[in-house]
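The residues making up each chain are set out below.
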Amino acid sequence: MNSALVFLAAEGEKENPLIPPWPEVVIGLIAFVIVFGFLAKKLLPNINKVLEERREAIEGGIEKAEAAQTEAQSVLEQYKAQLAEARHEAARLRQEAQEQGAALIAEMRAEGQRQREEIIAAGHAQIEADRKAAASALRQDVGKLATELAGKLVGESLQDHARQSRVIDRFLDELDGKASTAEAAR
């Protein structure tokens, strides 16, 4: 057993199990460089390409979102401007309608007043014409009655037209004078 330990100790000085032999290190290093070169040539550009596309997509998305936000803000401002303009136009139209309504009412009142005055004037003219016609008819009727009565009282016919007119006029003038005196006394 003792000899086995000595053999292991002598051989242990010669080879360290933690340090691999040089040919294995060189072969491993060459294999690593080949694999790393293959990965760098084939896989790394694809990875970089995918990462670049992803970065561009994210940046493009951000730019698109910013553009959309800017456009939305612009549309909102336009909408607000149009809304303010529509409100201003509505207020102007409302004011104009009120002014037209007031003018129309004033015009209709003036037209109504004018028609009322025409109707009153026509009524007064008609009343005056009717009064004159009634006075004339009454004058003739009273004249006939007065002539007949006077003829009966006097005993002679008063059919002479000129004489009849003078008698009637004198009689009616006396009646008008008495009526005027009676109205003045009130």
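Computed from a predicted structure; not experimentally measured. Every residue gets a number counted from 1 within its own chain, in the order that chain's sequence is written. Restriction of local features to residues with pLDDT of at least 70 applies here, the model being predicted, together with a cutoff of 80 or more for giving and counting side-chain atom pairs; totals for whole chains, interfaces and linings are based on all residues. Side-chain metrics in this entry use all non-hydrogen atoms of the structure; hydrogen atoms and water are not considered.

### Points about the overall build of the protein
Now for step 1: Numbering of helices and strands starts at the N terminus; helices are DSSP runs of H or I of at least 4 residues and strands are runs of E of at least 2. Helix and strand counts for the protein stand at 3 helices and 0 strands.
Now for step 2: Listing each helix as α and each strand as β along the protein from the N terminus yields α-α-α.
Now for step 3: Throughout this description, buried means an accessible area under 20% of the type-specific maximum (1.4 Å probe, protein chains only), exposed means over 50%, and partly exposed covers the range between. Buried residues in the protein amount to 5% of all 186 residues.
Now for step 4: When the accessible surface of the protein is split by element, carbon and sulfur atoms take 62% of a total near 16500 Å². To measure how exposed things are, a 1.4 Å probe is used in the Shrake-Rupley method; for residues, cover is taken only from the protein chains shown.

### Some points on the packing of aromatic side chains
Now for step 1: Pairing of aromatic rings covers Phe, Tyr and Trp, the last counted by its six-membered ring, and requires centre-to-centre distances within 6.5 Å; plane angles under 30 degrees mean stacked, over 60 mean edge-to-face, and any other angle means tilted. Summed over all chains, the structure comprises 1 aromatic pair.
Now for step 2: Seen from their ring centres, Phe32 and Phe36 are 6.0 Å apart, and the 20° between their planes marks the pair as stacked. In this pair, Phe32 and Phe36 both sit in helix H2 (residues 22-154), 4 residues apart, roughly one turn of the helix. The two residues Phe32 and Phe36 agree in class, both being exposed.

### Quick notes on the UniProt feature "transmembrane region" (unreviewed entry) in the protein
Now for step 1: The UniProt record marks residues 22-40 with the feature "transmembrane region" (unreviewed entry), using the residue numbering of this structure.
Now for step 2: End C-alpha atoms of residues 22-40 are separated by 26 Å, and the span's content is 100% helix alongside 0% strand. UniProt positions are given in the numbering used here, feature names are shortened, and annotations may be inferred rather than shown by experiment.

### Considering the confidence of the model for the protein
Now for step 1: As a per-residue measure, pLDDT reflects the predictor's confidence and takes values from 0 up to 100. A residue-level look at the protein finds 85% of positions with pLDDT of 70 or above and a mean pLDDT of 82.
Now for step 2: Taken element by element, the protein is modelled with least confidence in helix H1 (residues 2-14), mean pLDDT 52, and with most confidence in H2, mean pLDDT 88.

### Points about the pattern of salt bridges
Now for step 1: Salt bridges are defined as contacts in which a side-chain nitrogen from Lys or Arg sits within 4 Å of a carboxyl oxygen from Asp or Glu. In this structure the tally under the stated criterion is 7 salt bridges.
Now for step 2: Residue Arg92 pairs with Glu89 through a salt bridge whose shortest N-O separation is 2.3 Å. Taken together, the residues Arg92 and Glu89, both in helix H2 and 3 residues apart, mark about one turn of the helix.
Now for step 3: The shortest N-O distance in the salt bridge between Arg92 and Glu96 comes to 3.0 Å. Here Glu96 and Arg92 lie together in helix H2, a separation of 4 residues that amounts to about one turn.
Now for step 4: Under the relative-accessibility criterion, Arg92 is labelled partly exposed at 36%.
Now for step 5: One network of salt bridges, in which partners are shared, links Glu52, Arg55 and Glu59.

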